[in-house]
Amino acid sequence: MEAGVLFSGGKDSALAALMLARDYGVELNTCVFDPGRDVSAVRTAAAALDLPFKRRVLGRDLLEEAVDLLLACGYPNDAITMIHRTAIETLSHEYGVVADGTRREDRVPRIERSAVQHLEMTTGCSYVRPLLGYGKPEVERLVGRLLVVRYGETGSIGNGDYEEELRRAVRARGIDPASLFPPGHRQSLVVGKRET
């Protein structure tokens, strides 16, 4: 069975994809808003995992809706969760299994159980989160054993996280995104796979 994994190029989604690849035919999916956005670093991360890759365009309308929500709330959590839910729903029409790299402690994105049940009942797909039972120390241990990872501030490492385009869209409205996003947010990008 094919599993479509939401893939930012970071360590969590990469680890989730490797776990699922033992039992499914995994295809990595990176979602962007801008059709012209370059995600070559994410494509390279997918190649390092030796897994097929697709770049999907969610569209400017969704981005603008997310920015409106972010500005109304004053923080990015709800907007990122809304985008993530839309990305999952998009994949659910193509794959029997849809997955991501959300962990036990993650507050964002977080899809509530009722929304997961609704998605599964209406689409017939299964939504799985391989890292949901793992805490940060165990994820870090597994990542250190399996992957070579580079870290950097949002927007500096070329991963496929939603946040970079959200920040850019907020800035385009004349608002400094630093006032809305937590400072010093480190992100990851897989640059290789270790031989185990």
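Caption draft 1: Structural context of the pairing of strand β1 (residues 2-6). Among the five residues of β1, four are classified as buried, and the element is accordingly described as predominantly covered. By the bridge criterion, five bridges tie β1 to strand β2 (residues 25-32) in an arrangement that is parallel. Its bridge partner lying in β2, E2 is registered against G25. With helix α1 (residues 11-20) bridging β1 and its parallel neighbour β2, the resulting β-α-β unit is right-handed. Direction of pairing for β1 relative to strand β4 (residues 97-99): parallel, over a ladder of three bridges. Note on β4: the bridge partner recorded for G4 is V98.

Caption draft 2: Layout of the side chain of K11. Positionally, K11 belongs in helix α1. A residue is classified by how much of its surface remains accessible, and K11, at 8% relative accessible area, is buried. A polar atom in the side chain of K11 sits 3.2 Å from the side chain of E140. When near neighbours in sequence (up to four residues on either side) are disregarded, K11 contacts R103, E140, V143, L147, V149, Y151, S188 and V190.

Caption draft 3: Quick peek at the nonpolar core. With 31 residues, the main nonpolar core has F7, L15, V26, L28, L49 and L147 as its most contacted residues. Listing elements by their share of this core, those giving two or more residues are β1, α1, β2, α2 (40-49), β4, α6 (136-146) and β7 (186-193). Element by element, the count of residues in this core is highest for α1, at seven residues. Setting aside residues no more than four positions away along its own chain, L49 makes contact with F7, A14, L18, L28, L147, V190 and K193. Among the nonpolar cores identified, the runner-up in size contains 29 residues, and F33, I80, V98 and V170 belong to it.

About the cut-offs
- Residues numbered from 1 in each chain as written.
- Predicted model: local features only at pLDDT ≥ 70, side-chain atom pairs only at ≥ 80, totals over all residues.
- Heavy atoms only, no water.
- Buried < 20%, exposed > 50% of the residue type's maximum accessible area, 1.4 Å probe, protein only.
- Helix = DSSP H or I, 4+ residues; strand = E, 2+ residues; numbered from the N terminus.
- Pairing = 2+ DSSP bridges.
- Right-handed = clockwise from strand over helix to strand, strands pointing away.
- Polar contact = N/O pair within 3.5 Å; in protein donor to acceptor, adjacent residues only side chain to side chain.
- Contact = heavy atoms within 4.5 Å.
- Core = buried A, V, L, I, M, F, W, Y, C linked by side-chain atoms within 4.5 Å.

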